[in-house]
2 protein chains.
Amino acid sequence: MKLLQDKILAEGVNLGRGILKVDSLLNHQIDAVLMVAIGQEFARRFEHCAISRILTAEVSGIAPAMTTAYALGVPMVYARKHKPITMKEPVWVESAPSHTKGGEVHLMVSPEYLSARDRVLIIDDFLATGKTIDALARLVQNAGATLAGIGAVIEKTFEHGRENLSHWGVPIESLAIISEMRDDGTIVFAN
Amino acid sequence: MKLLQDKILAEGVNLGRGILKVDSLLNHQIDAVLMVAIGQEFARRFEHCAISRILTAEVSGIAPAMTTAYALGVPMVYARKHKPITMKEPVWVESAPSHTKGGEVHLMVSPEYLSARDRVLIIDDFLATGKTIDALARLVQNAGATLAGIGAVIEKTFEHGRENLSHWGVPIESLAIISEMRDDGTIVFAN
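Fair warning: this is a prediction, and the values are worked out from it, not measured in the lab. (Residues numbered from 1 in each chain as written. Chains lettered and ligands numbered in written order. Predicted model: local features only at pLDDT ≥ 70, side-chain atom pairs only at ≥ 80, totals over all residues. Heavy atoms only, no water.)

Trainee: Quick one: what's the story with the interface of chain B and chain A, residue by residue and with numbers?
Mentor: Taken together, the contact between chain B and chain A spans 46 residues of the former and 46 residues of the latter. For the pairing of chain B and chain A, the buried interface totals around 3800 Å² over both sides, and the portion due to carbon and sulfur atoms is 65%. For chain B, the biggest contributors to the area lost against chain A are B:H28, B:M66 and B:T86; these three give 19% of the whole. At the junction of chain B with chain A, the criterion picks out two salt bridges. With its nearest N and O atoms 2.9 Å apart, the salt bridge here joins B:E112 to A:K21. At the boundary of chain B and chain A, one finds 22 residue pairs in polar contact (both at pLDDT 80 or more). Elements supplying a minimum of two residues to the side of chain B that touches chain A: strand 2 (20–21), helix 2 (23–27), strand 3 (29–30), helix 3 (32–46), helix 4 (62–72), strand 5 (76–79) and strand 7 (104–109) of chain B. Looking at the side of chain B that touches chain A residue by residue, the class counts come to 26 nonpolar, 11 polar and nine charged. Of the pairings in the sheet, the one linking strand 3 (residues 29–30) of chain A to strand 5 of chain B comprises two bridges and is antiparallel in character. In the strand pairing of strand 5 of chain B, A:Q29 is matched with B:V77. (Contact = heavy atoms within 4.5 Å. Buried area = accessible area lost by both parts, 1.4 Å probe. Salt bridge = Lys/Arg side-chain N within 4 Å of Asp/Glu carboxyl O. Polar contact = N/O pair within 3.5 Å; in protein donor to acceptor, adjacent residues only side chain to side chain. Helix = DSSP H or I, 4+ residues; strand = E, 2+ residues; numbered from the N terminus. Nonpolar A, V, L, I, M, F, W, Y, C, P; charged D, E, K, R; others polar. Pairing = 2+ DSSP bridges.)

Set out below in structure tokens:
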């Protein structure tokens, strides 16, 4: 997706050790126009998959997941990391490594909003090791729902998330695919 | 906003002690069509305020803040509660009581995305005591930016947030105003 790649080249910062800062468009500030275009692009790529629900994880997945849900005309659910007082048990829970705090983060989804009838598209901001998305896929499986696809805004191929998620046997679409982040700060796209 | 009130009456649950569960549309599942309509309504109410940036707090403010930002054609920034590895110091920090964990939560905004030139509209999911929104307003003040307005999707007047925020001297708009949550489960709107 050229608009996204151009934005990453213009505003993304290679902080070293494979860390990409895109806080100006995705992880702190949100470029709403770009986010709507991202949702439309995910909808185009998954329009033949009969998606009934989008699933993401709070926090940074919410914006692209919501615009995708809008473009596909389906609801979106975001897995909670902290149980709100309104969330009644039982809930589906899976764990993934925490990026910000070390240790593990629990991802919780209420059975009220994820049912065995659903065909689910998982959307997240990054596909790196794939561990967060794998936990979301296990939540789909726990609910007896059908995982129909996985979409990431930015993929870093050198962290091998695509291979780690291949066992789910579903289409994986990333809108910007980064194959290399060099020590001199260069960001190299796969295409 | 009638569409929102109807949704709250149809799907909201009065859990007692003033707690309103709207997890089906705002706090866990997102109704994307409703959220876009909410963004358009906020944009209509603040279109004459020369807003240059929307500010919200993660997590549940992100969806309505993003659709408002899209409708107004401005960027949106969400204050982070956990410092991501991409966020460099110095950052603006203010504290507010935590709804989910007890104690306090820190709200952090990078000076990169909030400047003295900005005219800021704060958007959040709930206006209850107003303490989270007050912390966001202090972040705006710290940055030397101008607070131009405050918008909440749902206001609970019996928690007095509007009075607690009146010292900022800016317009406060809520799209659904709840004046009473009765013990029998009834939800009463102000209008």
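Trainee: Requested: an account of the layout of surface pockets, with residues and values cited.
Mentor: By volume, the second largest pocket amounts to about 230 Å³. Around the second largest pocket, the lining comprises 13 residues; the ones closest to its centre are A:V36, A:Y70, B:V36, B:T67 and B:Y70. Breaking the lining of the second largest pocket down by element, the ones donating at least two residues are helix 3 (32–46) and helix 4 (62–72) of chain A together with helix 3 and helix 4 of chain B. The residue makeup of the lining of the second largest pocket, split by class, is eight nonpolar, five polar and no charged. (1 Å grid on protein atoms, 1.4 Å probe; cavity = no way out; pocket = protein on both sides within 12 Å on 5 of 7 lines; lining within 4 Å. Points joined across faces, edges and corners; volume = space filled by probe spheres on them.)

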